[in-house]
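What the coordinates show
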Amino acid sequence: MNPYIELFFSFAKIGAFTIGGGYAIIPLIKKEVVEKKGWLNEDEFLDVLAISQSAPGLISVNISIFIGYRFKGTKGSIIATLGSVLPSFIMILLIAIFFTNFKDNHTVNAIFKGIRPVVVALIAVPMINMAINSKLNIYTGFIALISIILISFLKVSPIYVLLIVAVCAVFYAKYKENKEIKK
Amino acid sequence: MIYWELFSTFFIIGMFTIGGGYAMLSLIQNQVVTNHQWIDLQGFTDIIAVSQMTPGPIGINSATYIGYTVIKNLGYSNFWCFMGSLTATFAVVLPSFLIVLWICKLYSKFKNNYTFHTLLSALKPAVVGLIGAAAILLITPENFIDWKSWLLFGLAFIVSMWGKVNPILVILFGGIAGYLLY
């Protein structure tokens, strides 16, 4: 099969069948690209994962960009990204067309009154799990707490919060490095 | 021009999303609901619900949906709404695209860089904070209309935290409860 078509369909399949996004997608991608297609070995996949989680953007999209690039260069990364984005794009488009016409329907309204509080719980749970998994200590826990307070109570833009944390971290790292050198 | 605003807004959202889709929610909320007021908080909550129930990354789903709704709310036809979806989705992916390709080429340099690692370990807890803030900001009188809302919230929290129940089932259950209760 043409490698570009293969790339496209592998990622389209992953995009079309994973619900919940992000971390739910990772085992599926691994199965497809490591076990089935053999495009990467286990170690390379861990590298891909590390980069995709640290680079800005959506993790699954980042993985498709990276693997597409490793396999077939820039063109490959474009094709793989299209594959992973297109299924959700089409499906959401159809839902949006349908939903905007039913917005003022009484039944739809009642259903969403029940769904809204549930959604808030569904955001709180991954956040707590993430806090547990990243093993917050006093310092990192402090960063998390301050971020919550700044954004939700003092209405600071999350962009500024991320920038401040990033700048502090870089200065801290440089300071530590200099100290090591002086020793 | 509305398309340029959509593009630049979602480009910024894509650029500052660290740690995946859930972290993106608080950025979308800040940019789309607070700054531009393209949709209200209630509409935003509905979009998250739809994004969680449909396949694919939550960030792509919300960009596509918001792109469509913003143009629709201005009274344009379906074709222009489609262009809105396309603009927002393209813009949200573009920064990752540029940055990941750049990192791919320089990965060996970053891999053992102390500053890079410190940066990541400091950003991780900030992302936890971002997601927490997204949840807190959605607790509004519009989303929590009465005690029944709080009951549904509590039940959903318990079943997904300790019961590990699939989020889609939790949303379906919320929808059925809403239909019966309201």
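Overview of the overall build of chain A
- Secondary structure summary: chain A contains 7 helices and 0 strands in total.
- If you list the helices and strands of chain A from N to C, you get α-α-α-α-α-α-α.
- Computed over the C-alpha atoms, the radius of gyration of chain A is 21 Å, more than 25% above the 16 Å expected from 2.2 N^0.38 for a compact globule of 183 residues.
- Across the 183 residues in chain A, those meeting the buried criterion constitute 43%.
- Long-range contacts, defined as pairs at least 24 residues apart, comprise 45% of the intrachain contacts of chain A with a sequence gap of at least 6.

Notes on the overall build of chain B
- Scanning chain B from terminus to terminus reveals 8 helices and 0 strands.
- Listing the helices and strands of chain B from first to last along the sequence gives α-α-α-α-α-α-α-α.
- Each principal axis of the C-alpha atoms in chain B carries an extent, and together these give about 55 × 45 × 25 Å.
- Residues counted as buried form 52% of the 182 residues belonging to chain B.
- Partitioning the contacts of chain B with sequence separation of at least 6, the portion at a separation of at least 24 is 58%.

Some words on the packing of helix α2 (residues 21-35) of chain B against helix α6 (residues 114-137) of chain B
All names here are of chain B.
- Remark: α2 packs on α6, axes separated minimally by 8 Å, with the N-to-C direction vectors making an angle of 55°. With respect to α6, the axis of α2 lies oblique. In the packing of α2 onto α6, the handedness of the crossing is left-handed. Within the contact between the two elements, α2 uses Y22, A23, L25, S26 and Q29 and α6 uses V127, L130, I131, A133, A134 and L137.

With respect to the domain arrangement of chain A
- The assigned domain composition of chain A is domain 1 (1-101) and domain 2 (136-183).
- Once you take the C-alpha centre of each, domain 1 of chain A and domain 2 of chain A turn out to be 31 Å apart.

Concerning the domain arrangement of chain B
Residues and elements named next belong to chain B.
- Annotation of chain B at the domain level lists domain 1 (2-141) and domain 2 (144-182).
- If you average the C-alpha positions of domain 1 and of domain 2, the two centres end up 25 Å apart.
- Facing the 6 residues of domain 1 at the interface are 4 residues of domain 2.

A word on helix α7 (residues 158-182) of chain A
- Along its 25 residues, α7 of chain A runs 36 Å from first to last C-alpha, staying within 8% of the 36 Å computed at 1.5 Å per residue.
- Within α7 of chain A the residues assigned to the buried category are P158, V161, L162, V165 and A169 of chain A.
- Contacts from the buried residues of α7 of chain A go to α6 (138-153) of chain A together with α2 and α6 of chain B.

Focus on unusual backbone geometry
- A positive phi angle is found at K155 of chain A, which is not glycine, with a value near 55°.
- Here K155 of chain A shows up in the loop between α6 and α7.
- For Q37 of chain B, which is not glycine, the phi dihedral falls at a positive 50°.

Let's talk about the environment of M53 of chain B
- Structurally, M53 of chain B can be placed in helix α3 (residues 41-53).
- Among all residues touching M53 of chain B, those that are not within four sequence positions of it are I168 and I171 of chain B.

Some words on the nonpolar core
- The biggest cluster of nonpolar side chains holds 104 residues, and the ones touching the most others in it are V118 and I123 of chain A together with I66, A126, I131 and A134 of chain B.
- If you tally residues by element for this core, the top one is helix α4 (residues 59-101) of chain A, at 17 residues.
- Discounting chain neighbours no more than four positions away, the residues touching A134 of chain B are I123 of chain A together with L25, S26 and Q29 of chain B.

Some remarks on the packing of helix α5 (residues 106-133) of chain A against α6 of chain B
- In the contact formed by α5 of chain A and α6 of chain B, the axes pass within 9 Å of each other and the chain directions differ by 160°. Judged by the angle between their axes, α5 of chain A and α6 of chain B are roughly antiparallel. Helix-helix and strand crossings are classified by hand; for α5 of chain A and α6 of chain B the assignment is left-handed. Along its contact with α5 of chain A, which presents V120, I123, A124, P126, M127, M130 and A131 of chain A, the element α6 of chain B presents V128, I131, G132, A134 and A135 of chain B.

Topic: the interface of chain A and chain B
- In this complex, chain A contributes 82 residues to the contact, which on the side of chain B involves 89 residues.
- Of all the secondary-structure elements, those providing two or more residues to the side of chain A that touches chain B are α1 (3-17), α3 (42-54), α4, α5, α6 and α7 of chain A.
- Sorting elements by how many residues they give to the side of chain A that touches chain B places α5 of chain A first, with 22 residues.
- Class assignment for the residues of the side of chain A that touches chain B results in 56 nonpolar, 22 polar and 4 charged.

Considerations on the confidence of the model for chain A
- The share of residues in chain A with pLDDT of 70 or more is 96%, and the mean pLDDT across the chain is 85.
- Of all secondary-structure elements in chain A, the lowest mean pLDDT belongs to α3 of chain A, at 79, while α6 of chain A reaches the highest, 90.

Overview of the environment of E42 of chain A
- With respect to the helices and strands, the residue E42 of chain A is situated in helix α3.
- Residues E42 of chain A and K30 of chain A lie 12 residues apart in sequence; the distance between their C-alpha atoms is 8.5 Å.

Reading guide: rules and limits
Residues numbered from 1 in each chain as written. Chains lettered and ligands numbered in written order. Predicted model: local features only at pLDDT ≥ 70, side-chain atom pairs only at ≥ 80, totals over all residues. Helix = DSSP H or I, 4+ residues; strand = E, 2+ residues; numbered from the N terminus. Rg over C-alpha atoms; globule rule 2.2 N^0.38 Å. Buried ≥ 20, exposed ≤ 12 C-beta atoms within 10 Å, placed from the backbone. Contact = placed C-beta atoms within 7 Å. Axes fitted to C-alpha atoms, helices over the stretch in contact; angles between N-to-C directions. Parallel < 35°, antiparallel > 145°, perpendicular 65-115°, else oblique. Left-handed = near helix turned anticlockwise from the far one by under 90°. Domains from an automatic or database assignment. Expected span 1.5 Å × (residues − 1). Core = buried A, V, L, I, M, F, W, Y, C linked by C-beta atoms within 7 Å. Nonpolar A, V, L, I, M, F, W, Y, C, P; charged D, E, K, R; others polar. pLDDT = per-residue confidence, 0-100.

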